[in-house]
Amino acid sequence: MTNPNGRFGIHGGQYIPETLMNAVIELEEAYQSYKDDPEFNRELNKLLNEYAGRPSRLYFAEKMTKDLGGAKIYLKREDLNHTGAHKINNVLGQALLAGKMGKTRLIAETGAGQHGVATATAAALMGMECVVFMGEKDMERQALNVYRMRLLGAKVVPVKTGTATLKDAVSEAMREWTSRIADTHYCLGSVMGPHPFPTIVRDFQAVISKEVKQQLMEKEGRLPDAVIACVGGGSNAIGSFYHFIPDKGVRLIGCEAAGRGIDTFETAATINTGRLGIFHGMKSYFCQDEYGQIAPVYSISAGLDYPGIGPEHAYLHDIGRAEYVPVTDEEAVCAFEYLAKTEGIIPAIESAHAVAHACKIAPDMDRESIIVVTISGRGDKDCAAIARYRGEDIHE
Amino acid sequence: MSKISAAFANGKAFIAFFTCGDPDLETTEAVVRAAVANGADLIELGIPFSDPTAEGPVIQGANLRALTGGITTDKVFGLVGRLRRDLEVPLVFMTYANVVYSYGTERFLSSCQRLGVDGLILPDVPYEEKEDFLPACHKYGVDLVSLVAPTSSQRIAKIAREAEGFLYIVSSLGVTGMRSKINTDLGSIVRAVRKEASVPCAIGFGISTPSQAAEMSSLADGVIVGSAIVKLVERYGKEAAPYVGEYVKSMKEATCTFSQPVIKLD
């Protein structure tokens with residue numbers, strides 16, 4: 001899917017300051033030399049299996065299936081991974097690679113805090129220094145994850161610029177990387193940014209669809225009819241889609257955060273409301289005004305509150321291979337509560353966007369069809385914010 | 001020959017950067033005029049961007065103030081039109097890829113040509129991505145100014161070989177902003193640049209004092225000052241013009257201290 005210049009159709013590329021060019025070239029060379037290296041993969045698989053708890057379960061949500069009365073619903077339980085989200089898959093790969101490159105310090109951006117926690121975890125495990133940039137607004141709504149990162153030995157730097165959310169945390173991490181490259185690896189958390197990040201992160205997350213394919217073959221002896229995942233930058237979605245891209249009969253559905261609705265300014269649904277642009281190292285779709293100023297996006301979910309989307313998703317949209325649908329805050333919160341009550345699973349509010357869409361389409365599908373929904377993370381971190389949304393104040 | 005070369009025709013060039021629309025366009029026009037009257041050889045006009053990832057806190061703040069004040073790309077073109085009524089000084093735009101791309105690269109560059117903008121600096125467009133902008137730049141006679149950084153090493157030769165207008169040498173790692181000391185081995189970077197480039201080179205990032213300007217102009221053909229000027233505008237607001245003029249004068253004098261390149265100083 002990748003050509004040598006890191007393009008996905010017209011999307012992708014390396015729109016970054018000259019200061020960082022040799023760093024990304026060095027990263028690409030290192031990745032090329034290690035990605036098929038048996039020893040590297042043995043080490044990575046050991047970490048994924050022994051430490052992160054892979055493979056993650058593919059769970060048949062029987063009650064939900066009965067309740068919705070249509071397609072069979074399977075949940076890919078990335079929430080059961082160590083640190084509670086799919087983010088660890090990518091971080092263990094990148095941290096291992098950074099170590100091979102002689103880097104001793106990891107920096108990262110984080111929105112919901114799951115990628116920050118995963119990076120802090122890998123840094124603790126591998127004896128590396130860790131600095132995480134997080135929007136000040138996100139630090140408030142994801143206070144538990146801020147504490148977890150600090151407990152793991154990371155320094156959390158509040159980002160006060162712009163909207164004080166994920167986009168600004170990415171900008172600040174890029175600025176930091178520009179000022180300190182020799183010992184530092186920027187452990188980017190999604191399939192975005194300059195080449196080679198969208199490819200590296202996708203490859204490390206592709207384990208999700210690889211497992212789903214195998215697990216569903218064992219349980220049902222067939223491919224699913226649809227795979228649904230939430231999309232901010234799009235790492236759990238591309239991981240869930242990747243091995244199904246050649247299987248044209250499998251619908252790939254990414255759920256964007258519509259916030260208060262795609263007809264309002266308080267939205268983060270990039271494919272549905274954005275247009276082509278160049279930002280954060282890549283050409284892709286972005287929420288922006290007529291002069292190219294990046295829009296101050298909004299979603300209840302800190303992890304999806306981002307004005308862009310990874311270049312491979314932009315490409316899958318262009319060629320019509322994947323669909324991207326908007327899901328509002330209200331729909332996501334209802335799905336959050338629904339999954340808790342129906343299956344006893346509290347999903348991350350990000351993942352609840354995918355659950356919401358499954359609830360919409362499953363009843364209209366026949367009982368023989370199969371939907372796989374990726375539960376990208378667990379929802380403990382969101383309980384206080386959802387309670388607040390429902391008008392209840394709880395002390396964490 | 002590019003009009004930008006005129007900036008380097010009278011000894012070492014002093015290049016002044018302004019964020020357009022901070023705090024308003026009238027002030028920007030006044031400070032640009034003050035800088036030119038006091039010896040600035042080339043003016044860099046920053047078109048504000050919501051998320052300027054190559055800037056430090058000073059210029060980030062200026063971008064935010066300008067955008068909050070309602071500045072747009074069209075209003076910046078309006079400013080250029082007013083400046084060009086009487087100013088001959090070479091003008092270059094400094095902005096981010098999305099500002100140009102979103103406006104329509106052709107439309108943006110044809111406006112540059114029509115209004116008399118001589119060059120374009122895009123800090124988030126490296127050598128590998130310049131094809132997005134280069135054809136339109138050539139079509140409308142606008143130089144696409146390239147940058148080399150302390151980390152560029154083996155990349156310097158190919159960047160310098162294709163450089164247009166002037167070559168922007170980034171003095172230090174990190175983002176824009178004033179620095180008390182510049183530790184990069186700029187002498188060897190300048191030597192590598194001169195081996196390949198057919199255009200002059202100027203050093204920017206971190207320069208704020210006359211002694212730094214003198215030291216940097218001993219190495220290169222010019223010095224670029226941004227954050228220190230933007231800081232003055234931030235401090236004095238609408239009254240900034242005389243302060244900027246005085247500052248530019250002192251910096252231009254320091255820049256002229258060296259009329260010949262000094263070979264050593266590595």
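Residues numbered from 1 in each chain as written. Chains lettered and ligands numbered in written order. Predicted model: local features only at pLDDT ≥ 70, side-chain atom pairs only at ≥ 80, totals over all residues.

Caption draft 1: Looking closely at the overall build of chain A. From N to C terminus, chain A includes 16 helices and 14 strands. The C-alpha atoms of chain A give 19 Å as radius of gyration, which agrees with the globular expectation for 396 residues (21 Å, within 12%). Each principal axis of the C-alpha distribution contributes one length, and for chain A these read about 55 × 45 × 40 Å. In chain A, the share of contacts with a sequence separation of at least 24, taken over all contacts with a separation of at least 6, comes to 74%. (Helix = DSSP H or I, 4+ residues; strand = E, 2+ residues; numbered from the N terminus. Rg over C-alpha atoms; globule rule 2.2 N^0.38 Å. Contact = placed C-beta atoms within 7 Å.)

Caption draft 2: Molecular detail of the overall build of chain B. In terms of regular secondary structure, chain B is built from eleven helices and nine strands. Radius of gyration (C-alpha) of chain B: 17 Å, near the 18 Å computed for a compact globule of 266 residues. Dimensions of chain B along its principal axes, counting C-alpha atoms only, are 45 × 40 × 30 Å. Of all 266 residues assigned to chain B, the portion counted as buried reaches 59%. Across chain B, every contact between residues at least 6 apart in sequence was considered, and the portion connecting residues at least 24 apart equals 74%. (Buried ≥ 20, exposed ≤ 12 C-beta atoms within 10 Å, placed from the backbone.)

Caption draft 3: Structural context of the sheet that holds strand 3 (residues 91-94) of chain B. Residue and element names in this part refer to chain B. With parallel pairing, nine strands are arranged side by side in an open sheet as 5-4-3-2-1-9-8-7-6. Whereas interior strands pair on both sides, the edge strands pair on one side only; in this sheet they are strand 5 (143-145) and strand 6 (147-148). Judged from the two bridges that link them, strand 8 (residues 201-204) and strand 9 (residues 222-225) form a sheet pairing that is parallel. In the strand pairing of strand 9, A202 is matched with G222. (Pairing = 2+ DSSP bridges.)

Caption draft 4: The pairing of strand 13 (residues 322-328) of chain A, seen in detail. Residue and element names in this part refer to chain A. Most of strand 13 sits out of view: six of its seven residues are buried. The pairing of strand 10 (residues 251-259) with strand 13 spans seven bridges and is parallel. Of the residues in strand 13, the one forming a bridge with G254 is Y324.

Caption draft 5: Examining helix 4 (residues 87-100) of chain A more closely. All names here are of chain A. Relative to the 20 Å expected for 14 residues at 1.5 Å per residue, helix 4 spans 20 Å between its end C-alpha atoms, a close match to the ideal helical length. The element helix 4 is extensively covered by neighbouring structure, given that eleven of its 14 residues are classed as buried. All of the buried residues along helix 4 are K87, I88, N89, N90, V91, L92, G93, Q94, A95, L97 and A98. (Expected span 1.5 Å × (residues − 1).)

Caption draft 6: Region of the structure containing the interface of chain B and chain A. Taken together, the contact between chain B and chain A spans 32 residues of the former and 27 residues of the latter. When contributions to the side of chain B that touches chain A are tallied by element, the ones reaching two or more residues are helix 2 (57-68), helix 4 (97-103) and strand 6 of chain B. The leading source of residues in the side of chain B that touches chain A is helix 4 of chain B, at six residues.

Caption draft 7: Seen up close, the packing of helix 1 (residues 25-37) of chain B against helix 3 (residues 73-83) of chain B. All names here are of chain B. For the pair helix 1 and helix 3, interaxial distance at closest approach is 11 Å and the crossing angle is 40°. For the element pair helix 1 and helix 3, the recorded crossing hand is right-handed. Where helix 1 approaches helix 3, its residues L25, T28, E29 and V32 are matched on the opposing element by K75, L79, R82 and L83. In terms of residue class, the contact of helix 1 with helix 3 is built from four nonpolar, one polar and three charged. (Axes fitted to C-alpha atoms, helices over the stretch in contact; angles between N-to-C directions. Left-handed = near helix turned anticlockwise from the far one by under 90°. Nonpolar A, V, L, I, M, F, W, Y, C, P; charged D, E, K, R; others polar.)

Caption draft 8: Representation of helix 13 (residues 311-318) of chain A. Residues and elements named next belong to chain A. Counted residue by residue, helix 13 has six buried out of eight residues, so it is predominantly covered. Every buried residue of helix 13 is listed here: P311, E312, H313, A314, L316 and H317. Two residues or fewer after helix 13 comes G320, characterised by a positive phi angle close to 75°.

Caption draft 9: Summary view of the nonpolar core. Membership of the largest hydrophobic core comes to 230 residues, with the highest contact counts inside it found for B:A16, B:V148, B:L167, B:I169 and B:A202. Both domains that meet at this core, namely domain 1 (7-48 + 85-201) and domain 2 (55-84 + 206-389) of chain A, each give it at least three residues. In this view, B:I169 contacts B:V148, B:L186, B:I189, B:V190, B:V193, B:C201, B:A202, B:I203 and B:A220; residues no more than four positions away in its chain are not counted. (Core = buried A, V, L, I, M, F, W, Y, C linked by C-beta atoms within 7 Å. Domains from an automatic or database assignment.)

Caption draft 10: Region of the structure containing the confidence of the model for chain B. Residues and elements named next belong to chain B. On average, residues of chain B score 94 in pLDDT, and 96% of them are at 70 or above. Contacts from residues 260-266, a stretch scored under 50 in pLDDT, to residues over four places away or in other chains number seven contacts. Taken together, the chains of this predicted complex give a pTM of 0.96 and an interface ipTM of 0.95. (pLDDT = per-residue confidence, 0-100.)

Caption draft 11: How the structure looks around the environment of B:D143. Residues and elements named next belong to chain B. Within the secondary structure, D143 is located in strand 5. Judged by C-beta crowding, with 23 C-beta atoms within 10 Å, D143 ranks as buried. When the C-alpha atoms of D143 and I121 are compared, they prove to be 8.6 Å apart, with 22 residues separating the residues in sequence.

Caption draft 12: Here's a closer look at the domain arrangement of chain A. All names here are of chain A. Taken as a whole, chain A is organised into domain 1 (7-48 + 85-201) and domain 2 (55-84 + 206-389). For domain 1 versus domain 2, the separation of C-alpha centres amounts to 22 Å. Taken residue by residue, the interface counts 41 residues in domain 1 and 42 residues in domain 2. Elements with a minimum of two residues in the side of domain 1 that touches domain 2: strand 2 (11-15), helix 4, helix 5 (114-126), helix 6 (136-141), helix 7 (143-151), helix 8 (166-179) and helix 9 (197-205). The leading source of residues in the side of domain 1 that touches domain 2 is strand 2, at five residues.

Caption draft 13: Representation of the packing of helix 2 (residues 38-51) of chain A against helix 4 of chain A. Residues and elements named next belong to chain A. Two elements in contact, helix 2 and helix 4, have axes whose closest approach is 10 Å; the angle formed by their N-to-C orientations is 140°. Helix 4 is crossed by helix 2, and the crossing has right-handed handedness. Two secondary-structure elements touch here, helix 2 through F40, E43, L44, L47 and L48 and helix 4 through N89, L92, G93 and L96. Residue classes in the contact of helix 2 with helix 4 are distributed as six nonpolar, two polar and one charged.

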